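A structural walkthrough
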Amino acid sequence: MAEAAGWHGLPPTTHQFVPPLQVEQPTHGITESVSPAPALWVDLEYPNGSRQTVRGFAMAWTGSAVLAQWVEFSLARSAWVRPDQCTRRSIPGRADTRG
């Protein structure tokens, strides 16, 4: 049987999840996304200095922070990140809706 590329096996357990670095959660001036949420590329940064770019969505934002949501190991994850960590992306067949 040929080896398939990609991740195989059981996902890591929740206790092995390392959250990315986040900015402080804003308390005012928050705009919440309406459906469909704007699609993003999110550059996540981790405490050990590593980085990872994920496909995500902007669930909420302010002038200084974006609540990004992405799926990792079949679980929804979210973090407040800097706006410069986010780049708009398009989804083929989906109308562009600006948030």
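Here's a quick rundown of the structure. All figures in this text were calculated on a predicted structure; none of them were measured in a lab.

1. Digging into the pairing of strand S4 (residues 66-72)
Here S4 lies mainly inside the structure; 5 of its 7 residues are buried. Bridge analysis of strand S3 (residues 51-61) against S4 gives 5 bridges, and the strand direction is antiparallel. The partner of Ala60 across the bridge, within S4, is Leu67. Relative to strand S5 (residues 75-81), S4 runs antiparallel, the two being bridged by 7 bridges.

2. Some words on unusual backbone geometry
A negative phi angle characterises most non-glycine residues, just as the trans form characterises most peptide bonds. With omega at -5°, the peptide bond leading from Ser35 into Pro36 counts as cis. Tracing the chain through its elements places Pro36 in the loop between strand S1 (31-32) and strand S2 (39-45).

Rules and cut-offs
- Throughout, residues of each chain are indexed from 1 in the direction in which the sequence is written.
- The predicted nature of this model means local features are confined to residues of pLDDT at least 70 and side-chain atom pairs, given and counted, to a pLDDT of 80 or more, with totals for whole chains, interfaces and linings taken over all residues.
- Only hydrogens and water are set aside when side-chain values are computed; all heavy atoms of the structure are taken into account.
- Accessibility here uses a 1.4 Å probe with only protein chains present; expressed as a share of the type maximum, an area under 20% marks a residue as buried, one over 50% as exposed, and anything in between as partly exposed.
- To qualify as a helix, a DSSP run of H or I must reach at least 4 residues; to qualify as a strand, a run of E must reach at least 2; elements of each kind are numbered from the N terminus.
- We treat two strands as partners when DSSP finds at least two bridges between them.

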